[in-house]
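Given next are the chains, with one letter for each unit.
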Amino acid sequence: MITIKQLVDGAKARFDAKGVDEALAHAELIAAFAFNKSRTYIRAFGQNVVYEKEEKLFNKIVEEKLSGKPLAHIIGEAEFMGRLFSVGPTVLIPRPETEELVEETIKNLPLKRPSRILDLCSGSGCIAISLAFTFPSAEIIGADISPEALQVARKNAENMNLGKKVNFIQSDVFENISGEFDFIISNPPYIPTDVIATLSPEVRNEPRLALDGGPDGLDVIRKIISSAPAYLKPGGLLALEIGCAQSEKVLKFFNAEEWQEPFSRKDFAGIERFIFARKKSAPEN
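Residues numbered from 1 in each chain as written. Predicted model: local features only at pLDDT ≥ 70, side-chain atom pairs only at ≥ 80, totals over all residues. Heavy atoms only, no water.

(A) Here's a closer look at the overall build of the chain. For the chain, the count of helices and strands is 13 helices and 9 strands. Against the 2.2 N^0.38 benchmark of 19 Å for 285 residues, the chain shows a C-alpha radius of gyration of 21 Å, consistent with a compact globule. The principal-axis extent of the C-alpha atoms belonging to the chain is close to 80 × 40 × 30 Å. Out of the 285 residues belonging to the chain, those deemed buried represent 51%. Within the structure as shown, the chain displays about 14,100 Å² of accessible surface, and the carbon and sulfur contribution to it stands at 52%. Here the chain contributes 35 positively and 40 negatively charged side chains, and the mean placements of these two sets differ by 3 Å. (Helix = DSSP H or I, 4+ residues; strand = E, 2+ residues; numbered from the N terminus. Rg over C-alpha atoms; globule rule 2.2 N^0.38 Å. Buried < 20%, exposed > 50% of the residue type's maximum accessible area, 1.4 Å probe, protein only. Areas by Shrake-Rupley, 256 points an atom, 1.4 Å probe, with all protein chains shown as cover. Lys, Arg positive; Asp, Glu negative; His and termini not counted. Charge placed at Lys NZ, Arg CZ, Asp CG, Glu CD.)

Quick look at the structure:
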């Protein structure tokens, strides 16, 4: 018979040997899923003996993880801002940096009770849905070019009883968007095309449409910044997640005639990860 701790330690050793980041965390998460328990339980009751069925499921997931498949795709869910979202191969897996984007955006809002919000490149819908909980009276639109991603986003909204609260629509950036918004938020594709082949197998298993930002990684970001003023209310905020070492270039995309106060913010790792800018309230004389 084998214990939970022995299973976790064995998986961690295999992950370490394969160079998997956060090996212990991944082993514990797999155990939590396989045994339908929390990570706290896995740590506290590591000496408990496991059943054969649970052991087989655990080992199956470990093998899939070692093959380069993202753990979130294997178990079908990922946590974002304290809630579990369904994910799959058609959407980008939510990441802690994007949680920071949402938190920083809320801090920098000119209006504390926005009435209309747009989430571009919505993917799993994690940003739009999280904002729906934060601003229950706001109209929220989540837009994505991928119909497969929108299916996942709608499923997440329905699972959280927000099916009528967040309107997910298919749109290539602003193509099918109308009206003005208090703020626009986006985690767009921003990885340069040539860099994608150098990424880890797990990241390469995520949808290329959600990763590939063109030759310099900034194609979609340029589109958003150039078109956003037509969709923002005066004084409205644009919030973007960007890639490493892109902030200096991105800040130059904002022209002084339409935008005021463009600035960047660092994530917890110290990387200039977020860009914010406000639409000018009125033409300056």
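Further notes follow.
(B) Examining unusual backbone geometry more closely. Of note, Glu22 is a non-glycine position whose phi angle comes to about 50 degrees, a positive value. Counting through the fold element by element, Glu22 comes out in the loop between α1 (4–18) and α2 (23–35). Its identity is not glycine, yet Ala245 carries a phi of approximately 65 degrees, on the positive side. Examined against the element boundaries, Ala245 turns out to sit in the loop between β7 (232–241) and α13 (247–251). Note on Ala245: relative accessible area 70%, which makes it exposed.

(C) Seen up close, the nonpolar core. Ranked by internal contacts, the top residues of the largest apolar core, which has 32 residues, are Leu118, Phe174, Ile177, Ile184 and Leu238. Sorting the residues of this core by element identifies β3 (116–120), β4 (139–144), β6 (181–186), α12 (219–227), β7 and β9 (272–279) as the ones contributing at least two each. Counting residues in each nonpolar core, the second largest holds 29 residues, with Ile129, Met160, Leu237 and Phe276 among its members. (Core = buried A, V, L, I, M, F, W, Y, C linked by side-chain atoms within 4.5 Å.)

(D) How the structure looks around the sheet that holds β3. If you walk across this open sheet you meet the 7 strands as β5-β4-β3-β6-β7-β9-β8, and the pairing is mixed. Single-partner strands in this sheet number two, and they are β5 (166–170) and β8 (259–266). Taking each pair of neighbouring strands and ignoring which way they run, the sheet shows an average axis angle of 15 degrees. Note that β3 and β6 share 4 bridges and pair parallel. Bridge pairing in β6 places Leu118 opposite Ile184. Most of the contacts of helix α8 (residues 147–159) go to β5, to which it runs at about 170 degrees, and overall it touches β4 and β5. (Pairing = 2+ DSSP bridges. Axes fitted to C-alpha atoms, helices over the stretch in contact; angles between N-to-C directions. Contact = heavy atoms within 4.5 Å.)

(E) Summary view of the pairing of β6. Burial analysis of β6 places 6 of its 6 residues in the buried class, which makes it a mostly covered element. In the sheet, β6 pairs with β7 via 5 bridges, with the strands oriented parallel. By the bridge assignment, Phe181 is partnered in β7 with Leu232.

(F) Main features of the state of the cysteines. Here the structure, examined in full by the defined rule, presents 0 disulfides. Among the cysteines around Cys121, which has no disulfide bond, Cys126 carries the closest sulfur, lying 12 Å off. The exposure class of Cys121 is partly exposed, given its relative accessible area of 25%. (Disulfide = S-S within 2.5 Å.)

(G) Quick peek at the packing of α2 against helix α4 (residues 52–66). Two numbers describe how α2 lies on α4: the axes approach to 9 Å, and their chain directions differ by 140 degrees. Taken together, the axis directions place α2 and α4 in an arrangement best described as oblique. Between α2 and α4 lies a crossing whose hand is right-handed. In this structure, α2 uses His26, Ala27, Ile30, Ala31, Phe33, Ala34 and Phe35 to contact α4, whose residues at the interface are Glu54, Leu57, Phe58, Ile61, Val62 and Lys65. When its residues are assigned to classes, the contact of α2 with α4 shows 10 nonpolar, 1 polar and 2 charged. (Parallel < 35°, antiparallel > 145°, perpendicular 65-115°, else oblique. Left-handed = near helix turned anticlockwise from the far one by under 90°. Nonpolar A, V, L, I, M, F, W, Y, C, P; charged D, E, K, R; others polar.)

(H) Spatial organisation of the pairing of strand β2 (residues 83–86). Inspection of the sheet shows strand β1 (residues 77–80) paired to β2 by 4 bridges, in the antiparallel sense. Each bridged residue has a counterpart across the sheet, and for Glu77 the counterpart in β2 is Ser86. Between the end of β1 and the start of β2, which pair antiparallel, lie 2 residues, with Met81 showing a positive phi angle near 50 degrees.

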